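One letter stands for each residue in the lines below.
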Amino acid sequence: DGTAITYLEYLEANRVSRQQLVAVDINEAGVVVGNYITDDGLARSFVWVPVGIPDQEQGLDIGSLGGPWIKAVDIADNGSVVGTGQSSIGLSEAFVWNPVSGIHGLGTLGGFSSQSIALSDDGSKLIGNSQTASGHVHAFMVGGPDRNIRPPKGSLALAASDTAGKAAERRGLV
């Protein structure tokens, strides 16, 4: 009837660390993403695909960026997963994972860290935060329109004057 609790099985943790397994999101197909601690103390992330036959269901560790920890935070309907992990040189880095190409880090906006926050439902857009070269934290998007393209000269001024004109009209000043 869809209301029974199901134990998520078959991850590499099987001793005391088995007690630390957390689901964080589920997509429309019922694929679960979560985080767990391995028997040797590493923080890892997994996807678990329900197939309706518990003996054939298996959690899949999504890998790492080379460091000892990784944390998934979101899964899209296309199976893409995002989160943050420690790179092989010790930096916190946003990542994206999918079943076809695996995991890869997204880099930063020039600073020492970045983190993925969320994916669009279809997995085509990702948002996150990154440290800039000056040390400030700034939001970023992957897969959306290129925000670094400047509008043609004059278009911003025209838009501003048009907006001011419309506001004056609404207030009854014109």
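Residues numbered from 1 in each chain as written. Predicted model: local features only at pLDDT ≥ 70, side-chain atom pairs only at ≥ 80, totals over all residues. Heavy atoms only, no water.

Student: Mind laying out the overall build of the protein chain, listing which residues take part and the relevant values?
Tutor: When helices and strands are counted, the protein chain shows one helix and 11 strands. By residue count, 32% of the 174 residues in the protein chain fall in the buried class. Summarising the internal contacts of the protein chain: among those between residues at least 6 apart in sequence, 34% fall at separations of at least 24. Here the protein chain displays about 10,900 Å² of accessible surface, and carbon together with sulfur accounts for 56% of that area. (Helix = DSSP H or I, 4+ residues; strand = E, 2+ residues; numbered from the N terminus. Buried < 20%, exposed > 50% of the residue type's maximum accessible area, 1.4 Å probe, protein only. Contact = heavy atoms within 4.5 Å. Areas by Shrake-Rupley, 256 points an atom, 1.4 Å probe, with all protein chains shown as cover.)

Student: Please provide a residue-by-residue account of the side chain of Asn-35, values included.
Tutor: The residue Asn-35 is located in strand 2 (residues 32–37) in this model. Using a relative accessible area of 12% as the deciding quantity, one classes Asn-35 as buried. Of note is the side chain of Asn-35, whose polar atom sits 2.6 Å from the side chain of Ser-45. At 2.8 Å, the side chain of Asn-35 forms a polar contact with the backbone nitrogen of Ala-72. (Polar contact = N/O pair within 3.5 Å; in protein donor to acceptor, adjacent residues only side chain to side chain.)

Student: How would you summarise the nonpolar core if you had to cite specific residues and measurements?
Tutor: By size, the foremost hydrophobic cluster in this structure holds 11 residues: Val-31, Val-33, Val-47, Ile-62, Leu-65, Ile-70, Ala-72, Ile-75, Val-81, Phe-95 and Trp-97. Sorting the residues of this core by element identifies strand 5 (66–75) and strand 7 (92–98) as the ones contributing at least two each. Per element, the largest residue contribution to this core is three residues, and it comes from strand 5. The residues contacting Ile-70, other than those within four sequence positions of it, are Asn-35, Ala-43, Arg-44, Ser-45, Gly-63, Ser-64, Thr-84, Gly-85, Phe-95 and Ile-103. (Core = buried A, V, L, I, M, F, W, Y, C linked by side-chain atoms within 4.5 Å.)

Student: Outline the pairing of strand 10 (residues 126–132), supporting the account with residue identities and numerical values.
Tutor: Within strand 10, five of the seven residues are buried, which leaves it mostly tucked inside the rest of the structure. As paired elements, strand 9 (residues 110–119) and strand 10 share six bridges and run antiparallel to each other. Looking across to strand 10, one finds that Gly-110 is bridged to Thr-132. In sequence, strand 9 turns back onto strand 10 through a hairpin of six residues, with Gly-123 there showing a positive phi of about 80°. As judged from the six bridges shared by strand 10 and strand 11 (residues 137–142), these two strands associate in the antiparallel manner. Bridged to Ser-130 within strand 11 is His-138. Between the antiparallel neighbours strand 10 and strand 11 lie four residues, among them Gly-135 with a positive phi of about 95°. (Pairing = 2+ DSSP bridges.)

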